[in-house]
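Here is how the chains run, residue by residue.
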Amino acid sequence: MASKPPRDDPGDRELRVGAPEQAAAGVRGVTAGLSAGLAQMGVRRSARTLLRVNQPGGFDCPGCAWPEPAPGHRSHIEFCENGAKAVAEEATLRRVDAGFFAAHPISELAGRSGHWLGQQGRLTEPMVRRPGADHYTPIGWDEAFALWARELLAASEAQRSKPSGQAARPGVIAGTDPDQAVFYTSGRTSNEAAFLWQLLARAYGTNNLPDCSNMCHESSGVALTATIGVGKGTVTLDDIHQAKLLVVVGQNPGSNHPRMLIALERAKRAGARILAVNPLPEAGLIRFRNPQRPSGVVGRGTPLADRLLQIRVGGDAALFQAIGALLLAQGAVDREFVAAHTEGVAEYQTARRDLDWPAVTAATGLTRAEIEAAAELFAGSPSTVVCWAMGLTQGPHAVATIQEIVNVQLLRGMIGRPGAGLCPVRGHSNVQGDRTMGIWHEPPSWLDPLGAALGLAMPARRGLDTVEAIRAMRDGRVRVFASLGGNFAAATPDTEVTEAGLRSCALTVQISTKLNRSHVVTGRTALILPCLGRTERDQQASGAQFTTVEDSMSVVHASRGRLPPASEQLRSEVAIVCGLGEALGLSQVPWAEYAADYRTVRAQIAAVVPGFADFEARVAQPGGFVLPHPPRDSRTFPTPSGRARFTVHERPSPAVPPGRLLLQTVRSHDQYNTTIYGLDDRYRGVRGGRRVVFVHPDDLAALGVPDGSMVDLVSQWRDGVERRAPGFRVVGYPTARGCAAAYFPEANVLVPLDSTAPGSNTPTSKSIVIRLEPAAAASSAPAR
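Everything numeric here is computed off the predicted structure, so don't read it as measured data. (Residues numbered from 1 in each chain as written. Predicted model: local features only at pLDDT ≥ 70, side-chain atom pairs only at ≥ 80, totals over all residues. Heavy atoms only, no water.)

**Here we look at the overall build of the protein**
In step 1: Within the protein, the regular secondary structure consists of 33 helices and 33 strands.
In step 2: The C-alpha radius of gyration of the protein comes to 25 Å, within 12% of the 28 Å expected for a compact globule of 784 residues.
In step 3: By principal-axis analysis of the C-alpha atoms, the protein measures approximately 70 × 65 × 65 Å.
In step 4: Considering the protein as a whole, with its 784 residues, one finds that 64% of them fall into the buried category.
In step 5: Sequence-distant contacts in the protein: of pairs separated by 6 or more residues, those separated by 24 or more amount to 78%.
In step 6: Accessible surface, the protein as shown: approximately 26,100 Å² in total, 52% of it carbon and sulfur.
In step 7: Here the protein contributes 82 positively and 74 negatively charged side chains, and the mean placements of these two sets differ by 3 Å. (Helix = DSSP H or I, 4+ residues; strand = E, 2+ residues; numbered from the N terminus. Rg over C-alpha atoms; globule rule 2.2 N^0.38 Å. Buried < 20%, exposed > 50% of the residue type's maximum accessible area, 1.4 Å probe, protein only. Contact = heavy atoms within 4.5 Å. Areas by Shrake-Rupley, 256 points an atom, 1.4 Å probe, with all protein chains shown as cover. Lys, Arg positive; Asp, Glu negative; His and termini not counted. Charge placed at Lys NZ, Arg CZ, Asp CG, Glu CD.)

Written out as structure tokens, the structure is:
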């Protein structure tokens, strides 16, 4: 399998590699964001829009899920560079209309890069690709809903692809097999739309509700639910500010959550120590120039990380096992907390009694002295927060690794204490809220009460997660794939398998604001249904509407767009979901009422979802409200025993054959998730291209690969399939020895579909064994 570079990729011709910036320059970032806004929106529209980002009465940034300070404590600039770029691309004046699709066949668009597609502008009207056609053409909303409903109701086709001897599962609608449909969700979807989307899928008869969380923080949810009883982080923003030790593991906040740097700087100025654990040195944790402070504008900024542990990819579990063992040996244990609130500590003590230091140092790539110094930081801190992101969650031992962090925090009594806790830093702006609203392939605990309230028999069987949905498409078991936002084709592993699966569907549906890869990798029939964005005014039959989101720290608040819609033909996500519900004939649900007035949706949420009582009044308060979290709020743990659980795991040590490297996929600075804003990554010194692979200079010398040469990346896995990503420029870079890094989605083709983390089934995008081969048809000239 090989993935060709897109035809508009500048490739080796324009790619330049120079010195990376050594500080996260917030001022420069805001300036870059404003420049993007001016280019896409113009002066007046930029000012009108950006000053409402993350403000009371304004709209929630469509980027990351990092929380805002309380009202009254916010800056006028509560957005980062990538947040400004996300807003600019949504509020752009550029348009993708019927004329665009008439001029550009799908076969041409399929050869374009994600960056090029995203830069074309906002989608303006419903479009359809008919079977055998190479162009999208306009379609009316009613006809689009009818087409979608017909495919969902097409029982005979659904039966056709059932394996021999496997009976179709009857759905709510007689004669249908609802498990032949998949309802995917992006993490930007509002609470109201997400709640209705899961209601639609389950009223139709399936729990096939994969979402983007399956590919990012699913491992966090699984690990935390099993140990503390709640699959969410235990900290507030005030805890970050008050912490005396902040540990940032497998995360690059400078590019992926830049507003987090403001919180880290505040903690640092209050005396906190910061420990960074990452294979790559990241500029955002070296020094930060805060655009909200005069010293950040004219000074050198604030040094952040006191210590960097440049760990090998996959070595984090061994590190935290060693830290736990050292804390036990020193007696640095909160014995009162452990006795009153935990179970399993005796087994944990036994497992951690003897440290095999050669094995630990081999797994981590760290020295014994470095690990002992890190343990001293934990032992000496009265309040510690550990933050992590996809550097941990996308490894083959992700769940075990996160549970080793939980073990260390339990030893120290760092849950339910001010300035302390567990902080999985979520990605997309409402990915946590979507899960709270029931976007999950497992039936939520409140599903039966919801069904009873509406007179529906809800499906009890488990549905398909993201990886399982791709396998089902590959095997011909999915007829209809529909995506509420997102870019499924670019976000998922094993690109060629995923794209072949999508093309095998009878119908693919994309509910979107902008063009992306998933619009050009289609089923036999395909629909594009354009929706309102966060920045836009949402006017329904009862008047102006607002929606709600939940941030990474369980704060639920309102989001109100003010701009006129990009087109009169746009519909809100809520209205689109309700339109399909009506077309399907699911008359038990008051779809028209929900679409006309979102207060009725929130009333239904309040009636069944825990923590949302009096939803309407509480979300009207400035800043919204915080959902209950028993471990954080009262040191009570909703596990079967009522106690937090220590867990015991074997020490993982990634096995990499001689002459091979362990690759992790990463984002560039000019990127958010699969959205590519530009072709530069100034914090790593890359400009004008994305097909680069970062390798330590000593590894390049050992492999005999010249810095700046062109190579193909070839992954190796136990299935024996050769997966190849051609045409990458080698960049000598101070990553951990034996490791490499490349950008996704370009490197997703290397990730085997069936290589997933036990427990979470999350693709192992941070642990890919690769070899470097000379590129077959590329120049080996060094980078300029």
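After presenting the structure, the write-up continues.
**Section: the sheet that holds strand β9 (residues 273-277)**
In step 1: Pairing within the open sheet is parallel, and its five strands lie in the order β12-β9-β8-β14-β15. A single partner strand is all that each edge strand has here, and the edge strands are β12 (307-309) and β15 (421-424). Mean inter-strand twist for the sheet, computed between neighbouring axes without regard to direction, equals 15 degrees.
In step 2: Strand direction decides the pairing type here: β9 and β12, joined by three bridges, are parallel. Across the sheet, residue Val277 finds its bridge partner in β12, namely Leu309.
In step 3: Along the sheet, helix α11 (residues 218-228) makes contact with β14 (384-388) and β15, crossing β15 at roughly 160 degrees. (Pairing = 2+ DSSP bridges. Axes fitted to C-alpha atoms, helices over the stretch in contact; angles between N-to-C directions.)

**Things to note about the sheet that holds strand β29 (residues 692-695)**
In step 1: Strand order in the closed barrel formed by six strands is β25-β32-β29-β31-β30-β33, with mixed pairing between adjacent strands. The sheet shows a mean angle of 45 degrees between the axes of neighbouring strands, taken without regard to direction.
In step 2: Of the pairings in the sheet, the one linking β29 to strand β32 (residues 739-743) comprises three bridges and is antiparallel in character. Bridging across to β32, Val695 finds its partner in Ala740.

**Section: unusual backbone geometry**
In step 1: Here the amide bond leading from Phe744 into Pro745 is cis, since omega sits at 10 degrees, within 30 degrees of zero.
In step 2: Phi at Asp614 takes a positive value of approximately 55 degrees, unusual for a residue other than glycine.
In step 3: Note that Asp614 resides in the loop between α30 (598-608) and α31 (615-619).
In step 4: Unusually for a residue other than glycine, Asn761 sits at a positive phi of about 60 degrees.
In step 5: Looking at the element boundaries, Asn761 is found in the loop between β32 and β33 (768-774).

**Some details on the environment of Val751**
In step 1: If you trace the backbone, Val751 turns up in the loop between β32 and β33.
In step 2: Under the relative-accessibility criterion, Val751 is labelled buried at 0%.

**A look at the environment of Gly455**
In step 1: Turning to its location among the elements, Gly455 is positioned in the loop between α24 (447-454) and α25 (466-474).
In step 2: Accessibility expressed as a relative area gives 57% for Gly455, which makes it exposed.
In step 3: Distance from Gly455 to Pro530, taken between C-alpha atoms, is 31 Å for residues 75 residues apart in sequence.

**A few points about the confidence of the model for the protein**
In step 1: Confidence in the prediction of the protein, expressed as mean pLDDT, is 91, and 92% of residues score 70 or more.
In step 2: Every residue in residues 155-170 is under pLDDT 50, and counting partners more than four places away or in other chains gives 23 contacts. (pLDDT = per-residue confidence, 0-100.)

**A few points about the side chain of Asp211**
In step 1: Residue placement: Asp211 occurs in the loop between α10 (191-204) and α11.
In step 2: Look at Asp211 and you get buried, because its relative accessible area is 1%.

**Re the environment of Glu616**
In step 1: The topology assignment puts Glu616 in helix α31.
In step 2: Take Glu616: its relative accessible area is 27%, and that puts it in the partly exposed class.
In step 3: Taking the C-alpha atoms as reference, Glu616 lies 9.6 Å from Thr600; in sequence the two are 16 residues apart.
In step 4: Residues within four places of Glu616 in sequence aside, it is in contact with Phe546, Arg599 and Arg602.
In step 5: Of the polar contacts made by the side chain of Glu616, one reaches the side chain of Arg602; its length is 2.8 Å. (Polar contact = N/O pair within 3.5 Å; in protein donor to acceptor, adjacent residues only side chain to side chain.)

**With respect to the nonpolar core**
In step 1: By size, the foremost hydrophobic cluster in this structure holds 63 residues, and its most contacted members are Trp148, Phe195, Leu196, Trp197, Leu199, Leu527 and Trp591.
In step 2: The greatest single-element share of this core, amounting to ten residues, is contributed by α10.
In step 3: Non-local contacts of Leu527, meaning those with residues more than four positions away in its chain, are made with Met127, Val128, Ile139, Ala144, Leu147, Trp148, Leu507, Thr508, Val509 and Gln510. (Core = buried A, V, L, I, M, F, W, Y, C linked by side-chain atoms within 4.5 Å.)

**Comments concerning the packing of α25 against helix α27 (residues 495-503)**
In step 1: One way to put it is that α25 packs onto α27 with a least axis distance of 8 Å and a crossing angle of 60 degrees. What the angle tells us is that α25 and α27 run oblique. Pair α25 / α27 crosses with left-handed handedness. Contacts from Ile470, Met473 and Arg474 in α25 reach Val497, Thr498, Gly501 and Leu502 in α27. (Parallel < 35°, antiparallel > 145°, perpendicular 65-115°, else oblique. Left-handed = near helix turned anticlockwise from the far one by under 90°.)

**A word on the packing of helix α16 (residues 316-330) against helix α19 (residues 357-364)**
In step 1: Put simply, α16 and α19 touch, their axes get as near as 9 Å, and they point 140 degrees apart. Taken together, the axis directions place α16 and α19 in an arrangement best described as oblique. As α16 runs across α19, the sense of the crossing is left-handed. For the pair α16 and α19, the contacting residues are Ala318, Leu319, Ala322 and Leu326 in the first and Trp357, Val360, Ala363 and Thr364 in the second.
In step 2: Of the residues assigned to the contact of α16 with α19, the class counts are seven nonpolar, one polar and no charged. (Nonpolar A, V, L, I, M, F, W, Y, C, P; charged D, E, K, R; others polar.)

**Things to note about the pattern of salt bridges**
In step 1: In this structure the tally under the stated criterion is 46 salt bridges.
In step 2: Between Arg602 and Glu192 there is a salt bridge, with its nearest N and O atoms 3.0 Å apart. Here Glu192 lies in helix α10 and Arg602 lies in helix α30, a separation of 410 residues in the sequence.
In step 3: Arg602 sits in the buried class, given a relative accessible area of 2%.
In step 4: On the basis of relative accessible area, Glu192 is assigned to the buried category, the value being 0%.
In step 5: Across the pair Glu343 and Arg645 runs a salt bridge whose closest N-O atoms are separated by 3.9 Å. Here Glu343 is found in strand β13 (residues 342-343), whereas its partner Arg645 is found in strand β24 (residues 644-645), with 302 residues between them in sequence.
In step 6: Taking relative accessible area as the criterion, Glu343 reaches 28% and is therefore assigned partly exposed. (Salt bridge = Lys/Arg side-chain N within 4 Å of Asp/Glu carboxyl O.)

**Section: the packing of aromatic side chains**
In step 1: Taken as a whole and judged by the stated rule, the model has 20 aromatic pairs.
In step 2: Taking the centre distance of 6.5 Å and the plane angle of 80 degrees together, the rings of Phe337 and Phe637 count as edge-to-face. You can see Phe337 sitting in helix α17 (residues 335-341) and its partner Phe637 sitting in the loop between α32 (630-634) and β24, a full 300 residues away along the chain.
In step 3: Here Phe637 falls in the buried class, since its relative accessible area comes to 4%.
In step 4: Ring plane angle 75 degrees and centroid distance 5.8 Å describe the contact between Phe694 and Tyr743, whose orientation is recorded as edge-to-face. With Phe694 in strand β29 and Tyr743 in strand β32, the pair connects residues that are 49 residues apart, well separated along the chain. The exposure classification of Phe694 matches that of Tyr743, with both residues buried.
In step 5: What links up through ring pairs into an aromatic cluster is the set Phe100, Phe101, Trp116 and Tyr136.
In step 6: Across from the ring centre of Trp116, 4.3 Å away, lies the NZ or CZ of Arg112, which sits over that ring. (Phe/Tyr/Trp six-rings, centres within 6.5 Å; stacked < 30°, edge-to-face > 60°. Lys NZ or Arg CZ within 6 Å of the ring centre and 35° of its normal.)

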